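# Analysis of the macromolecular model
Chain by chain, the residues run as shown.
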Amino acid sequence: MSITPDTVKKKLESEDLGDRLRGVNEIRELEPAVGFELIQSAITDTNARVRYSAVSQFDTLGTQDLDKSLSLLRGLLQDPEADVKAAAADCLGGLKLVAAFDDLQQLYQSTEDWIIKLSVIAALGELGEPRGFELLKQALSEDNDLVKTAAISSMGELGNPEAVSILTPYSKDSDWQIRFRVAQALNRLGTPEAKPVLESLVNDEVEAVAEEAKKNLS
């Protein structure tokens with residue numbers, strides 16, 4: 001059977017969970033404008049798996065109507081499921097909806113869930129909102145290394161030169177993945193102050209870190 005808006009709509013309205021999940025997946029086969037209309041019913045589904053699958057498509061479908069996407073994704077930041085909240089944060093970053101900065105900041109400060117924190121911190125880098133710098137500094141003190149590495153990467157994306165002095169101590173971290181992210185971030189920042197730190201990382205015992213440090217050094 002061919003995939004059409006009507007067949008997808010029927011699956012989304014089915015009482016069978018498998019049908020609804022297939023329907024959400026088949027939205028990818030439709031024209032974006034049609035998909036955007038259909039996905040809006042799926043994000044209110046009673047099942048968290050369906051909602052997660054639906055919201056995960058907003059980074060592409062959401063461009064059809066950014067204002068409506070902003071409103072819908074803001075609502076999903078209040079979802080009872082952590083994975084759905086995290087996916088909504090991811091999409092807000094992917095769509096560069098800077099107007100959601102306050103919502104993301106509030107979500108970060110009100111949760112202890114590392115998956116949500118990780119998604120918010122990664123989204124701040126994509127948003128490019130300068131106000132996010134203070135929150136990124138806060139995230140560097142998290143116990144979870146994945147959140148810390150995301151904060152380092154996002155600092156590089158924001159482009160605030162103050163990040164160099166903040167990131168320098170992490171160039172000696174025992175975790176090579178953190179050192180690698182520091183090298184990436186300093187390369188993005190590209191300031192004269194970053195050069196000595198990159199030069200020190202050229203001799204890192206882990207080849208991936210050393211190679212990353214060499215990229216912008218002449």
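Residues numbered from 1 in each chain as written. Predicted model: local features only at pLDDT ≥ 70, side-chain atom pairs only at ≥ 80, totals over all residues. Heavy atoms only, no water.

This part is about unusual backbone geometry. Despite not being glycine, K96 shows a phi value in the positive range, around 55°. For K96, a relative accessible area of 51% corresponds to the exposed category. (Buried < 20%, exposed > 50% of the residue type's maximum accessible area, 1.4 Å probe, protein only.)

Moving on, we come to helix α4 (residues 48-55). Listing the buried residues of α4 in full gives V50, R51, S53, A54 and V55. For α4, the N-terminal capping position is held by N47, with its side-chain oxygen 2.8 Å away from the main-chain nitrogen of R49. (Helix = DSSP H or I, 4+ residues; strand = E, 2+ residues; numbered from the N terminus. Polar contact = N/O pair within 3.5 Å; in protein donor to acceptor, adjacent residues only side chain to side chain.)

What follows is about the pattern of salt bridges. The final tally for this structure, using the stated rule, is 15 salt bridges. A salt bridge links E13 to K9; its shortest N-O distance comes to 2.6 Å. Taking relative accessible area as the criterion, E13 reaches 55% and is therefore assigned exposed. What makes K9 partly exposed here is its relative accessible area of 39%. Between D204 and R179 there is a salt bridge; the shortest N-O distance is 2.6 Å. (Salt bridge = Lys/Arg side-chain N within 4 Å of Asp/Glu carboxyl O.)

Let us now look at the packing of helix α10 (residues 132-139) against helix α11 (residues 145-158). Running from amino to carboxyl end, α10 crosses α11 at an angle of 150°, the nearest separation of the two axes being 9 Å. By the criterion of interaxial angle, the relationship of α10 to α11 is roughly antiparallel. α11 is crossed by α10, and the crossing has left-handed handedness. Together, G132, F133, L136, K137 and A139 of α10 and V147, K148, A151, S154, M155 and L158 of α11 make up the contact between the two elements. Each residue belonging to the contact of α10 with α11 can be placed in one class, and the counts come to seven nonpolar, two polar and two charged. (Axes fitted to C-alpha atoms, helices over the stretch in contact; angles between N-to-C directions. Parallel < 35°, antiparallel > 145°, perpendicular 65-115°, else oblique. Left-handed = near helix turned anticlockwise from the far one by under 90°. Contact = heavy atoms within 4.5 Å. Nonpolar A, V, L, I, M, F, W, Y, C, P; charged D, E, K, R; others polar.)

Quick look at the side chain of R20 now. Its place among the elements puts R20 in helix α2 (residues 17-26). The class for R20 is buried, based on a relative accessible area of 9%. Each residue touching R20, except ones within four places of it in the same chain, is listed here: K11, L12, S14, E15, D45, T46, N47 and V50.

What follows covers the nonpolar core. Membership of the largest hydrophobic core comes to 66 residues, with the highest contact counts inside it found for L73 and I121. Among all residues touching L73, those that are not within four sequence positions of it are V55, F58, A88, C91, L92, L95 and L97. (Core = buried A, V, L, I, M, F, W, Y, C linked by side-chain atoms within 4.5 Å.)

Before going further, it helps to examine the packing of α11 against helix α13 (residues 176-189). As a packed pair, α11 and α13 sit with axes 7 Å apart at the nearest point and diverge in direction by 10°. Considered as vectors, α11 and α13 are oriented roughly parallel to each other. Across the interface between the two elements, D145, K148, T149, I152, S153, M155, G156 and E157 of α11 pack against Q177, I178, R181, V182, Q184, A185, R188 and L189 of α13. Within the contact of α11 with α13, the residues separate by chemical class into six nonpolar, five polar and five charged.

To continue, consider a negative patch on the surface. Together, D59, D90, E126 and E157 make up a negatively charged patch on the protein surface. Considering the arrangement of structural elements, one finds E126 in helix α9 (residues 114-127). (Patch = residues over 30% accessible without salt bridge, like charges linked within 9 Å, V, L, I, M, F, W, Y side chains within 5 Å. Areas by Shrake-Rupley, 256 points an atom, 1.4 Å probe, with all protein chains shown as cover. Lys, Arg positive; Asp, Glu negative; His and termini not counted. Charge placed at Lys NZ, Arg CZ, Asp CG, Glu CD.)

Another point: the packing of aromatic side chains. Summed over the entire model, instances satisfying the criterion amount to two aromatic pairs. Measuring from ring centre to ring centre gives 6.0 Å for F36 and F58, while their planes differ by 70°; the resulting arrangement is edge-to-face. Here the residue F36 occupies a position in helix α3 (residues 32-42), and F58 occupies one in helix α5 (residues 58-61), the gap between them amounting to 22 residues. For the pair shown, F36 and F58 are each scored as buried. With a centroid separation of 6.4 Å and 70° between ring planes, the pair formed by W176 and F180 is classed as edge-to-face. Here F180 and W176 lie together in helix α13, a separation of four residues that amounts to about one turn. Classification of W176 as partly exposed rests on a relative accessible area of 38%. For K117, the ring lying beneath its charged end belongs to Y108, and the centroid distance is 5.2 Å. (Phe/Tyr/Trp six-rings, centres within 6.5 Å; stacked < 30°, edge-to-face > 60°. Lys NZ or Arg CZ within 6 Å of the ring centre and 35° of its normal.)

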